[in-house]
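Breakdown of the fold
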2 protein chains.
Amino acid sequence: MAKSQPLFSLLLFIFISGTISQSIIQLSRDHDVYCNSWRFSVETNDVGYWDQVPSRCVSYVQDYMTGDGYRSDSEVAASYALGFAKTVEIAGDGKDAWVFDVDETLLSNLPYYAVHGFGSESFDELSFDEWVDLAEAPAIKASLNLYKELKQLGFTVFMLTGRSEHQRNATAKNLQLEGYSDWERLILRESSDQGKPATLYKSQRRLELVNEGYRIHGNSGDQWSDLYGFAVSERSFKLPNPLYYIP
Amino acid sequence: MAKSQPLFSLLLFIFISGTISQSIIQLSRDHDVYCNSWRFSVETNDVGYWDQVPSRCVSYVQDYMTGDGYRSDSEVAASYALGFAKTVEIAGDGKDAWVFDVDETLLSNLPYYAVHGFGSESFDELSFDEWVDLAEAPAIKASLNLYKELKQLGFTVFMLTGRSEHQRNATAKNLQLEGYSDWERLILRESSDQGKPATLYKSQRRLELVNEGYRIHGNSGDQWSDLYGFAVSERSFKLPNPLYYIP
């Protein structure tokens, strides 16, 4: 009996650690199933307004954003946008337009969010503006490719961003450094736009384009507020973004 | 040397089968990443019109529909719908309304699609109508719970389905058998609605409700054509459906 004690303890230890690791694996699987569903509800806009990534989903969001998921989702969305773009008959009068949002659409702020909790912290305008001024946001590769293809096809490209007019230089510099060029207009919030919901501000600016005779065929954005409202495009392309929500 | 031959063959066999199974695992992982992204683009409506599940994603869709994913996505979407519903002030005049689609919203046709290739076959109206006549489609549990909660909260519930008037009896019987009761009206396509895009037909019927004085707070549906158009609800709740697309 005294001899079998260590063996028994070892077996007990193995059994308990096995149970614990199985529980951890199960818990992690449950989190993944839930967080996948949370992301579904975010991306379909079922959630509506939300402020922070749920704490149980922060490491899920980190894995998604830094792993294959985000890259692949961006690529597949861009492929459907391009598929549609190729069906558009370009009149040649320069009025066939495509509208792009900027943040999380053409440029990625992942380096900023990686040091700000992957969406788990409330938005801090001051530190984000400092990041914008650095003009170091990398291009989302799938969007850059789409952008170039659209230019090749003959689309007139507008950028319509929630960033403010005082961020024009940093934004234009960042876009150029990352390979974007020959856009028709970069539209930013003027002082009269401050405080407007994004849906209203962006709809008003699209309406101005429509009134100028542009035919907005496509619109790419990571927020439903980029795509909804009035003067909407013929086809909208929602890009993934589980980091933040803009009403 | 002769002695080591069998050992060498065994090691070679293990090496090759290891490589093959690793390749199979990698391929299956690539498929999952792609099919996850395809589903993202389907659910955000980036794909637009589509006819069949891509062949490489059929087993992915089967796993999703029969595993935890679909159930969890339905539950989380329903939880956000309920969260919103609880914020609505019910006036008590019976005019606070919620609109539900039927197929893949209140009732699941998964038993039908399980024997029809999980969305990989073109839609066959004849066999689907036979299935509808059986009145055996199970409730989607999350929707049934939501339905009951909404009734408790005092909402007037409308069902607005793309099914035809001649399917009224089978549909009502099926809904009742599965636990749905006390709906205000079950609206089906009349002969004058045949051939109309779902978005138009459903918008027209919602407009009739609005003209009758109903305030449509919420709308639950698995298709964007359930939710878009005019006379839209205050908040829309997109349920998952990677099996088929209705324009």
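Residues numbered from 1 in each chain as written. Chains lettered and ligands numbered in written order. Predicted model: local features only at pLDDT ≥ 70, side-chain atom pairs only at ≥ 80, totals over all residues. Heavy atoms only, no water.

- The name an unreviewed UniProt entry assigns to chain A is Acid phosphatase 1, from the organism Populus alba x Populus x berolinensis.
- Its UniProt record gives chain A the following Sequence similarities (unreviewed entry) comment, quoted word for word: "Belongs to the APS1/VSP family." (UniProt positions renumbered as here; feature names shortened; annotations may be inferred.)

**A look at the pattern of salt bridges**
Residues and elements named next belong to chain A.
- Going through the model one piece at a time under the given rule, you end up with 30 salt bridges over all chains.
- A salt bridge links Asp93 to Arg215, with the shortest nitrogen-to-oxygen separation between them at 2.7 Å. A residue pair is termed long-range when its members are at least 10 positions apart, and Asp93 in the loop between α3 (68–85) and β1 (96–100) and Arg215 in strand β4 (residues 215–221) qualify at 122 residues.
- A salt bridge links Arg185 to Glu212, with the shortest nitrogen-to-oxygen separation between them at 2.8 Å. Separated by 27 residues along the polypeptide, Arg185 in strand β3 (residues 185–189) and Glu212 in the loop between α8 (198–211) and β4 bring together distant segments of the chain.
- Arg185 gets classed as partly exposed once you look at its relative accessible area, which sits at 29%.
- Residue classification places Glu212 among the partly exposed residues on the basis of a relative accessible area of 35%.
- Ionic contacts of the salt-bridge type, sharing partners, join the residues Glu190, Asp193, Lys196, Arg205 and Glu208 into one network. (Salt bridge = Lys/Arg side-chain N within 4 Å of Asp/Glu carboxyl O. Helix = DSSP H or I, 4+ residues; strand = E, 2+ residues; numbered from the N terminus. Buried < 20%, exposed > 50% of the residue type's maximum accessible area, 1.4 Å probe, protein only.)

**A word on the sheet that holds strand β1 (residues 96–100) of chain B**
All names here are of chain B.
- Taking strand neighbours across the sheet as the criterion, the five strands line up as β3-β2-β1-β4-β5 in an open arrangement whose pairing is parallel. Of all strands in the sheet, those bounded by a partner on one side alone are β3 (185–189) and β5 (235–238). In this sheet, neighbouring strand axes are inclined to one another by 20° on average, regardless of whether the strands run parallel or antiparallel.
- Note: β1 against strand β4 (residues 215–221), five bridges, orientation parallel. Across the sheet, the residue bridging to Val99 is Asn219, located in β4.
- Helix α3 (residues 68–85) contacts β1, β4 and β5 of the sheet and is inclined by roughly 165° relative to β5.
- In the packing of helix α6 (residues 141–153) onto the sheet, contacts are made with β1, β2 (156–164) and β4, and the angle to β1 comes to roughly 165°. (Pairing = 2+ DSSP bridges. Axes fitted to C-alpha atoms, helices over the stretch in contact; angles between N-to-C directions. Contact = heavy atoms within 4.5 Å.)

**Looking at the interface of chain A and chain B**
- Contacts between chain A and chain B engage 29 residues on the former and 29 residues on the latter.
- Together, the buried faces of chain A and chain B total about 2200 Å²; carbon and sulfur atoms form 58% of this surface.
- The largest share of the area that chain A buries against chain B comes from A:Phe40, A:Asp46 and A:Tyr80, three residues that together contribute 28% of it.
- There are zero salt bridges connecting chain A and chain B.
- Those elements giving two or more residues to the side of chain A that touches chain B turn out to be α1 (4–43), α3 and β5 (235–238) of chain A.
- Broken down by element, the side of chain A that touches chain B gets its largest block of residues, nine residues, from α1(A).
- Here the side of chain A that touches chain B is built from residues that sort into 13 nonpolar, nine polar and seven charged. (Buried area = accessible area lost by both parts, 1.4 Å probe. Nonpolar A, V, L, I, M, F, W, Y, C, P; charged D, E, K, R; others polar.)

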